[in-house]
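# Observations on chain architecture
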Amino acid sequence: MNALLSLENVHLQLGRREILRGISLALAPGEVLGILGPSGAGKSCAVRVALGLLQPTTGTVHVAGRLASRGGDVLLPPEERGLGVVFQDLALWPHLTVRGHLEFCLSAQARPRRTWGDAIGELLGQVGLRGKEERFPAELSGGERQRVAIARALITSPRAVLLDEPLSNLDVALKEELLDLFGAVLGERGAAALFVTHDAREAALLARRLLVLEEGRIVQEGTFAELTAHPTSQFVQRLVASLERVAVRS
Amino acid sequence: MFLPPFLPALGWFQLLGRQGLVGSEAGASFLFGPGGDVFVLTLAFTPVVTTLTALALQGMDPSYEEAARTVARPWRVATRILLPAAWPASALGGIVVFALAFSELGVPMFLRVRVYPVAVFARLGGVDYAPGEAFALVLPLLAVALGLLLAERWLGKRRPFTVRGLGLSREPIPLGVWRNLATGIVWTITFLGLLPLGALFHRALVGRGFLLVGQWLGSSISDSLVTAAAAATFLTGTGLVLGHATARLRRGAGALDGLALLAFVTPATALGVGLIQVWNHAAASAVYGSAAILVVGYAARYSILGLRPLTVAVGQGPPSLEEAAAVAGAGYFRRLLRVVAPVHIRALAATWLMIVVFCLRDLEMSVLYYPAGTEPLAVRIFTLEANGPEPVVAALACTLSALTGVVVGIGLLVLRARQSS
Amino acid sequence: MNRRLVVIAMALAALAGGCGEGSREVVVYTSVDQVFSEPVFKEFERQSGVRVQAVFDTEETKSTGVLNRLIAEAKNPRADVFWSGDPVRPFLLIRRGLVEPYRSPNAAGIPAQFKASDGAWTGFAARARVLLINRNRLAGRNAPQSVQDLADARWKGEGALANPLFGTTTMHAAALFSLLGDNEAKTFFRALKANQVRIASSNGEVKRLVAAGEVTFGLADTDDANEALHEGAPVDIVYPDQEGTGTLVMPTAVVLMKGGPHPENGKKLVDFLLSSAVEGKMAQSAAHRHPAHAGGLRAGRRDDGTRSALSPGVDGTLDAIALAGACSVFLCRRAPAWGLGAADRRTSDRGGLRGAEQRRGSLQCLDLGALRTLASAGFRRDRYRITPRCAARIPPREE
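Okay, so let's go over this structure. (Residues numbered from 1 in each chain as written. Chains lettered and ligands numbered in written order. Predicted model: local features only at pLDDT ≥ 70, side-chain atom pairs only at ≥ 80, totals over all residues. Heavy atoms only, no water.)

## A look at the overall build of chain A
Helix and strand counts for chain A come out as 8 helices and 11 strands. The buried share of chain A, taken over its 250 residues, is 54%. By sequence separation, contacts in chain A at least 24 residues apart represent 63% of the contacts at least 6 residues apart. (Helix = DSSP H or I, 4+ residues; strand = E, 2+ residues; numbered from the N terminus. Buried < 20%, exposed > 50% of the residue type's maximum accessible area, 1.4 Å probe, protein only. Contact = heavy atoms within 4.5 Å.)

Here it is in structure tokens:
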């Protein structure tokens, strides 16, 4: 098994609600895997299970070949999984500056302090935030905050980054710009990524392989072209229908 | 937080005083000194900080914590992310405690500790009435109050909090071996907080104080409740209007908020004497001579408690709700009553409840000017404490505790019902 | 919003209305402990049908409480009657012209030294300063009979006295200063110190020390002394200085306030308070006040053997009020002068239980004039200068 991150038959029950009903997925090194699905399909919970923030009710999670979670148990705590995350609401810490965010992440690792400056400088250059090191989140624009969030996810050189709808509520132009940036930075750093979204376009732009999640199950898998060619899931069927209507009107 | 601190002080006296349940010379000499004053007030005010911090943590987006958990150990997450992010709330708690402790007369007087405000008001009265000197001595207090105000302002400056609940149940931070220690500390503090009340209850029970309570209670329960409820209703109403204005317009709002905060941090006795000067005129007798003056006093001292939470609550709601109503043709009052108030009904209820509780525990201000014949329960306990039969005083203290408990309990039930509906 | 405003308005109106109607009520401020005064007011309500609206003072707020409030409200008086727990406070009001002289018919039987001839104030329901003596520790010796015995070498290390910074002991000290003159009084208090008199925090503490046999005798108030008897302690009570200067008696005092809202009801309440019945009630309640009415005091003297302590012989009583009005106070040397507030706090009979913590310091005396000087000077000086008492503070003696 050479997957960086894999979920095997993961079930998740929160209270009485069954949220994940046996999903399995594997993320290969360097790969960007898209998870596509409507709101409420269980995408965010899958991310939290992968991160170790939630324990699966049954099933297992492996990180780099190590058993990380097993039904009802988190064996490897989140901070030891070597994963990065960008949340939908970004979750930037209001009391820390841009630099503060990155330093906090670095300080949690056994890395000599003198290397921090270079690492931070390089990454901020890559995400286009140079010169904004001392700003607080409240002093940044929407796009800049996204960049801080991605920088925070990458500063620890994680095995994989989990992107949980990071681009919702942005305009199309900014979305494209940031998608390009994500693609470029992930490529430069050779990091794998799990990209979770409800927007098929976004997913197709960043990820080659897509999984469709519906009501806690993975219902379809393939490239964008494969999915739309053989829409077996409701979600994809609607997507195809919508694409056809746009094509007809234009 | 919910009781006048001199009630726990009375309880500690029942415990540690020379003839207390576990009384000893050493215990008594500790209690009747600066150490005892600090001890009693610390325990009495601990809930202020913990409650405010807990509220802030509850209101905080759980993903702050989750994002940190992916890179750092729980301990570091708590110390570097959670507590600093909740710091403005904790610091506000600190300021509130400072202000309350600064105004506190009951405990230091009971324990015979000479704190500055006690000293000042000794100058103000008694055999040697010298208001000029007393007001000169008050000036440093006002300076401190202003300092607090500025400190609060400074804290508030960098507070771009987006507070929203994700609705996910929060996983407790695994404390590991620290868990037992932390649990122990929490239980110890809780136990220490309840201990003096237990001692009071014991004293009242043993001395059959409860049998005589009715005789000494007078109309103080209804006096307390009615005035507190009236003040809370008034402040919640004005708090909604002003808090809404503050959250939306931001013009002149800073000054208003500052004024309200200044009133809160100003030593209550200064406020009380000021109220006598302002309201005791023939034209205002209807107010000054009646329970209305209590309402006026509470309103003056506790307006910040209505203004601040409602400002925050309204500020966090999207303006689009009101804008939609305005587009639909609703006027200002309709918008406020039909849109803003229902949306923030929980905040309104919680605010009302908090003000009632603060009014019930007010002693240091109302003792100065309560109208003849209308003695709030807290004041009555305080005045009866002198030479009054101990079991009765203890029983009255238990009554006030129970009254506050009932009010808080009903309030929480109502809040919970609102939440689930 | 409208609905809420209406509710508030109604609530306010109800509050105002409930207390606003005036003719059948009377407003009284009192610094007599609520436990003792409230039952008296209730009795008045029952007999007269006039509702009593009372503001009570406490031990703790005595320094800032009703007296202060009476002065602060002087422009628009709210109180009809002030019933003071001590005979000093009324003078402060009289000096400020806040009092309406009223000669109650019921004051006729009260001896002249307990009232003003013009009716500005009337004293009644008095306490006396007595020697409380532990029978067991006395061990057959002749009991001390004078306050001076505290300084007598025969009783070295056997006496106790409450801190003169507080309460009635303050007044007692004032009386002694007035009686003996500054120098002699100072000598007396130095002698107390040299005689190893225990300085207790309060009269209640003195009672405890005597009852427990830690000292042989001490100066206390009659209410404390009676409590000791009530508790079954092996103690006797001696009214000191019957052969000499007399026992110090401190009445409570009632005044009618000038410009109060209900003057007629105020007079009724004063009459009621000064009635023999009330004095009797006060004497029997835990307050243990001595009737000031001539009959009460003199008749009581003959019952001395009953040990009820309601029977001081006051034929030789000092002109207590005038003396107390002199307002000299003592301070522990290290006590900051702003402790006056505390000094003014009359110690309760239980006060000692919680008050033993007062720091003991060397005794030093000064009068109020000096105190004020010190207060404004920032209390930095370690030694207080003794200045002559201010004559204006001594109320005019009764003819």
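## With respect to the pairing of strand β2 (residues 51-56) of chain C
Residue and element names in this part refer to chain C. The buried fraction of β2 is high, at 5 of 6 residues. Two strands pair when backbone bridges link them, and strand β1 (residues 25-30) and β2 are joined in this way by 6 bridges, in the parallel orientation. Looking at the pairing, Val-26 lines up with Val-52 of β2. For the crossover from β1 across helix α2 (residues 34-48) to β2, the handedness is right-handed. (Pairing = 2+ DSSP bridges. Right-handed = clockwise from strand over helix to strand, strands pointing away.)

## Section: the packing of aromatic side chains
Enumeration according to the criterion identifies 12 aromatic pairs over all chains in this entry. Considering the side-chain rings of Trp93(A) and Phe104(A), the 5.1 Å spacing of their centres and the 80° angle between planes classify their relative orientation as edge-to-face. With Trp93(A) in the loop between β7 (83-86) and α2 (98-107) and Phe104(A) in helix α2, this pair connects stretches of sequence that are 11 residues apart. Here Trp93(A) and Phe104(A) have matching classes, each one buried. Geometrically, the ring pair formed by Phe264(B) and Phe358(B) is edge-to-face, given 6.3 Å between the ring centres and 65° between the ring planes. Pair noted here: Phe264(B) is in helix α12 (residues 253-265) and Phe358(B) is in helix α18 (residues 345-361), with a separation of 94 residues, a long-range link. Judged by its relative accessible area of 3%, Phe264(B) is buried. By the ring-pair criterion, three or more aromatic residues cluster together here, those being Phe264(B), Tyr298(B), Tyr302(B) and Phe358(B). Residue placement shows Arg69(C) over the ring face of Tyr370(B); its charged tip is 5.8 Å from the ring centre. (Phe/Tyr/Trp six-rings, centres within 6.5 Å; stacked < 30°, edge-to-face > 60°. Lys NZ or Arg CZ within 6 Å of the ring centre and 35° of its normal.)

## Brief notes about a nonpolar patch on the surface
Residues and elements named next belong to chain B. There is a patch of nonpolar side chains on the surface, built from Phe-201, Leu-205, Val-206 and Phe-210 and spanning about 370 Å² of accessible area. Element by element, the count of residues in the nonpolar patch is highest for helix α9 (residues 178-206), at 3 residues. Within the element layout of this structure, Phe-201 appears in helix α9. (Patch = residues over 30% accessible without salt bridge, like charges linked within 9 Å, V, L, I, M, F, W, Y side chains within 5 Å. Areas by Shrake-Rupley, 256 points an atom, 1.4 Å probe, with all protein chains shown as cover. Salt bridge = Lys/Arg side-chain N within 4 Å of Asp/Glu carboxyl O.)

## Here's the deal with the interface of chain A and chain B
In this complex, chain A contributes 27 residues to the contact, which on the side of chain B involves 24 residues. Both sides together, the interface formed by chain A and chain B hides about 2,400 Å², and carbon and sulfur atoms give 65% of it. Its largest share of buried area at the contact with chain B, chain A owes to Glu79(A), Pro94(A) and Phe104(A), together 26% of the area lost on that side. Where chain A packs against chain B, one counts 1 salt bridge. Here Glu66(B) ties to Arg48(A) by a salt bridge, and the two come within 2.6 Å at their closest N and O atoms. Our enumeration of links across chain A and chain B arrives at 1 residue pair in polar contact (both at pLDDT 80 or more). Elements represented by at least two residues in the side of chain A that touches chain B include exactly α1 (43-51), β7 and α2 of chain A. Looking at the side of chain A that touches chain B element by element, the count peaks at 3 residues for α2(A). Grouping the constituent residues of the side of chain A that touches chain B by class yields 18 nonpolar, 4 polar and 5 charged. (Buried area = accessible area lost by both parts, 1.4 Å probe. Polar contact = N/O pair within 3.5 Å; in protein donor to acceptor, adjacent residues only side chain to side chain. Nonpolar A, V, L, I, M, F, W, Y, C, P; charged D, E, K, R; others polar.)

## Considering the nonpolar core
Residues Tyr369(B), Ile381(B), Leu396(B), Phe82(C), Leu93(C) and Leu269(C) are the most contacted members of the largest nonpolar core, which totals 155 residues. For this core, the leading source of residues is helix α21 (residues 390-420) of chain B, giving 10 residues. If sequence neighbours within four positions are ignored, Ile381(B) has contacts with Phe6(B), Leu7(B), Leu10(B), Val393(B), Leu396(B), Ala397(B) and Leu400(B). If you look at the next biggest cluster of nonpolar residues, it comprises 96 residues, including Ala151(A), Ala160(A), Leu213(A) and Val71(B). (Core = buried A, V, L, I, M, F, W, Y, C linked by side-chain atoms within 4.5 Å.)

## A word on the sheet that holds strand β2 (residues 17-27) of chain A
On the basis of which strands lie adjacent, the open sheet formed by 5 strands has the order β2-β1-β4-β5-β6 (chain A) and antiparallel pairing. At either margin of the open sheet sits one strand with a lone partner, and together these are β2 and β6 (73-74) of chain A.

## Structural notes on the pairing of strand β10 (residues 249-257) of chain C
Residue and element names in this part refer to chain C. Where burial is concerned, most of β10 is hidden: 9 out of the 9 residues are buried. Here β10 shows two buried faces, one formed by Val-249, Pro-251, Ala-253, Val-255 and Met-257 and the other by Met-250, Thr-252, Val-254 and Leu-256. Relative to β10, strand β3 (residues 81-84) runs antiparallel, the two sharing 4 bridges. Note on β10: the bridge partner recorded for Ser-84 is Ala-253.

## Examining helix α13 (residues 268-279) of chain B
Taking 1.5 Å of rise per residue, the 12 residues of α13(B) would be expected to cover 16 Å, and the 16 Å separating its terminal C-alpha atoms lies within 8% of that figure. Residues Ala268(B), Thr269(B), Ala270(B), Leu271(B), Gly272(B), Val273(B), Leu275(B) and Ile276(B) constitute the buried set of α13(B). (Expected span 1.5 Å × (residues − 1).)

## Examining the environment of Pro231(A)
Residues and elements named next belong to chain A. As for its position among the elements, Pro-231 is in the loop between α7 (224-229) and α8 (234-249). C-alpha separation for the pair Pro-231 and Gln-220, spaced 11 residues apart in sequence, amounts to 8.2 Å. For Pro-231, the contacting residues outside a window of four places in its chain are Gln-220, Val-236, Gln-237 and Val-240.

## Structural notes on the packing of helix α3 (residues 116-127) of chain A against helix α5 (residues 172-189) of chain A
Residue and element names in this part refer to chain A. For the pair α3 and α5, the least separation of the axes is 10 Å and the interaxial angle reads 145°. Listed contacts from α5 to Leu-123, Gln-126 and Val-127 of α3 are Leu-181, Val-185, Glu-188 and Arg-189. Each residue belonging to the contact of α3 with α5 can be placed in one class, and the counts come to 4 nonpolar, 1 polar and 2 charged. (Axes fitted to C-alpha atoms, helices over the stretch in contact; angles between N-to-C directions.)

## Describing the pattern of salt bridges
For the structure shown, the criterion picks out 26 salt bridges over all chains. Between Glu165(A) and Lys43(A) there is a salt bridge, with the nearest N and O atoms lying 3.3 Å from each other. Remark: Lys43(A) occurs in helix α1 and Glu165(A) occurs in the loop between β8 (160-164) and α5; sequence separation between them is 122 residues. The burial state of Glu165(A) is the same as that of Lys43(A); both residues are buried. Its salt-bridge partner being Glu221(A), residue Arg209(A) comes within 2.6 Å of it at the nearest N-O pair. Linking Arg209(A) in strand β10 (residues 209-214) with Glu221(A) in strand β11 (residues 217-222), this pair joins segments that are 12 residues apart in sequence. Linked through salt bridges whose partners overlap, the residues forming this network are Glu375(B), Arg380(B), Glu38(C) and Lys42(C).

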